[in-house]
Amino acid sequence: MLERSIVWVGKSLTVLSLMLVFGLTAAENYRMQELPFIPEMGGVFRVGTAHWFYVGRGKNLQIFDNSLNPRQLVFLSIDTAAIDFADIDSDGAEDLIELAQLQVNVRRFRNGVFSQPETIIRERLVFPIYVDNLEQSALCADFDRDGFTDFFLPAEGKFFAYRNENGVKFTRIAILPYQPRGSFTNRLWQNSDLMSNAIRSTVIIPQPFFIDFNRDGVLDAAARVDEKVYYFLSRTTESGTKPFAETVLRIYPMPQEDVYVSYAEFSDFDNDGQQDLIY
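A brief look at the structure comes next. (Residues numbered from 1 in each chain as written. Predicted model: local features only at pLDDT ≥ 70, side-chain atom pairs only at ≥ 80, totals over all residues. Heavy atoms only, no water.)

1. Re the overall build of the protein
Inclusion rule: Helix numbering and strand numbering both begin at the N terminus, where a helix is a DSSP run of H or I of at least 4 residues and a strand a DSSP run of E of at least 2. With a 1.4 Å probe rolled over the protein chains alone, any residue whose accessible area is under 20% of its type maximum counts as buried; one over 50% counts as exposed, and the rest are partly exposed. Contact criterion: two residues are considered in contact whenever any of their non-hydrogen atoms come within 4.5 Å of each other. All accessibility values rest on the Shrake-Rupley procedure with a 1.4 Å probe; residue burial counts only the protein chains present in the view.
A tally of regular secondary structure across the protein gives 4 helices and 20 strands. Burial statistics for the protein: of 279 residues in total, 50% are counted as buried. Considering only intrachain contacts with a sequence separation of at least 6, the fraction spanning at least 24 residues in the protein is 42%. Surface summary for the protein: the accessible area is close to 14,000 Å², and the carbon and sulfur share equals 53%.

2. Details of the pattern of salt bridges
Note that side chains of opposite charge can pair when their charged atoms are close. What counts, and what does not: Any Lys or Arg side-chain nitrogen located within 4 Å of an Asp or Glu carboxyl oxygen qualifies as a salt bridge.
Throughout the structure, instances matching the rule amount to 8 salt bridges. With its nearest N and O atoms 3.4 Å apart, the salt bridge here joins D65 to R71. Its relative accessible area of 7% is what places D65 among the buried residues. A salt bridge links D91 to R110; the shortest N-O distance between them is 3.2 Å. On the criterion of sequence distance, the pair formed by D91 in the loop between β5 (82-86) and β6 (95-99) and R110 in strand β8 (residues 109-110) is long-range, its members being 19 residues apart.

3. Section: unusual backbone geometry
A negative phi angle characterises most non-glycine residues, just as the trans form characterises most peptide bonds. Backbone geometry at S90 places phi at a positive 55 degrees, although glycine is not the residue there. Along the chain, S90 turns up in the loop between β5 and β6. With relative accessibility at 37%, the residue S90 sits in the partly exposed group. Backbone geometry at F244 places phi at a positive 55 degrees, although glycine is not the residue there. Topologically, F244 is positioned in strand β18 (residues 240-251). For F244, a relative accessible area of 4% corresponds to the buried category.

4. Observations regarding the packing of aromatic side chains
Our working definition: Any Phe, Tyr or Trp ring, taking Trp's six-membered ring, that has another such ring centre within 6.5 Å forms a pair; planes under 30 degrees apart are called stacked, those over 60 apart edge-to-face, and the others tilted.
Per the counting criterion, the structure on display carries 24 aromatic pairs. The interplanar angle of 50 degrees and the centroid separation of 5.3 Å between the aromatic rings of F45 and F114 together place this pair among those described as tilted. Here F45, found in strand β1 (residues 41-47), pairs with F114, found in strand β9 (residues 113-114); they are 69 residues apart in sequence, far enough to count as distant. A relative accessible area of 1% places F45 in the buried class. For F114, a relative accessible area of 4% corresponds to the buried category.

5. Overview of the sheet that holds β18
The condition is simple: Pairs of strands are assigned from DSSP output, requiring at least two bridges between the strands. For helices, the fitted line uses only the C-alpha atoms of the stretch in contact; every axis is such a line through C-alpha atoms, and the angle between N-to-C directions lies from 0 to 180 degrees.
With antiparallel pairing, the 4 strands of this open sheet are ordered in space as β15-β16-β17-β18. Every interior strand has two partners, whereas the edge strands, β15 (208-211) and β18, have only one. Between one strand and the next, the sheet's axes are offset by a mean angle of 25 degrees, whatever the strand orientation. Pairing of strand β16 (residues 220-225) with strand β17 (residues 228-237) involves 5 bridges; the strand directions are antiparallel. Pairing of A222 across the sheet is with Y231, part of β17.

6. A closer look at the sheet that holds strand β2 (residues 50-57)
Strand pairing in a sheet is mediated by backbone hydrogen bonds. Such pairs are either parallel or antiparallel. Spatially, the 4 strands line up as an open sheet ordered β1-β2-β3-β4, and their pairing is antiparallel. Each end of this open sheet is capped by a strand with a single partner; those strands are β1 and β4 (70-75). Across this sheet, the average inter-strand angle for adjacent strands is 25 degrees, counted without regard to direction. Pairing geometry for strand β3 (residues 60-64) and β4, over 5 bridges, is antiparallel.

Put into C-alpha cells, the structure is as follows:
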C-alpha cells in the first residue's frame, strides 16, 4: 500500500510539473503520466511550423510532439553543461545543441527524432563542471542572416564567434576579449554545488544579447560581465559588413553579486526606436 502511494505521489508531481511547464489541463496530461522521471525543466522547440515540447531532469530529456505524444527519450552526453535548440542545417527543424567545457555537439533532427551527437566545434569554454539541472542557453544566433545559425561562445576572458558556413563547416571568425572581475574558472568551482542553474547561466556564465544596435542588417552582441557591458558591433566598409569588428565598453552602477542573480536585458522601454538597458 505504501509503495502504491509513493508511485501515485510521483505521478501526481509529474503531472503538476508538466502543467506548470506547458499550462496544460489535467485531461491533456493524463496520457503523459508514465514519464520515467519527475521533470525539473522544460520548454519548446520548432519543427517546421509546429512546436514540439521537452521536459528534462539531470541528463535526460523526454521529447513530445505537437500533439503531446512521447516521441523520444534522449540521454545527453555525460559532460553536457547546457543545451540549446537551433536550426543548424537550415532544414526547417531545430536541432539539439549540447554545450560542454571542451566542445559543442549537435544532435540533428531527422525523421522525427534526434540523432546521435556529432562534435562540430572544439574549444575550451566556460561552463560548470558539475551540473545538477540543465538550462537552455542563448548562445546561438544567425549573425549574418544567411539562414544558418551561428555560435557566440563564452571562454575565460574572451568570446569565440563561429560562423556556420553550410550546416557542416563552422569557422571561427573572431576572438573577442573581455575582462571579468576575478576568474570565471574559480567561480565555477566555488559555486559548483549551487542548486539553481539560473545562477550559473546569468552570473557565472556571461549570456549575450543579439540585437542590431547600429541597424545595418547584421546582428551585434552585448554581454554583461559584472558591472560592465561589452558591445561587439559590426562595421561596414567597401568590402562589406564585418560582424563584431568593434568593441565598446560601458560601465554601469549595477549590483555585483556572485551568488544572487541580477538580471539585465535590452528593450525599447520608451518606444523611441532605440534599445534601452534595463536592470
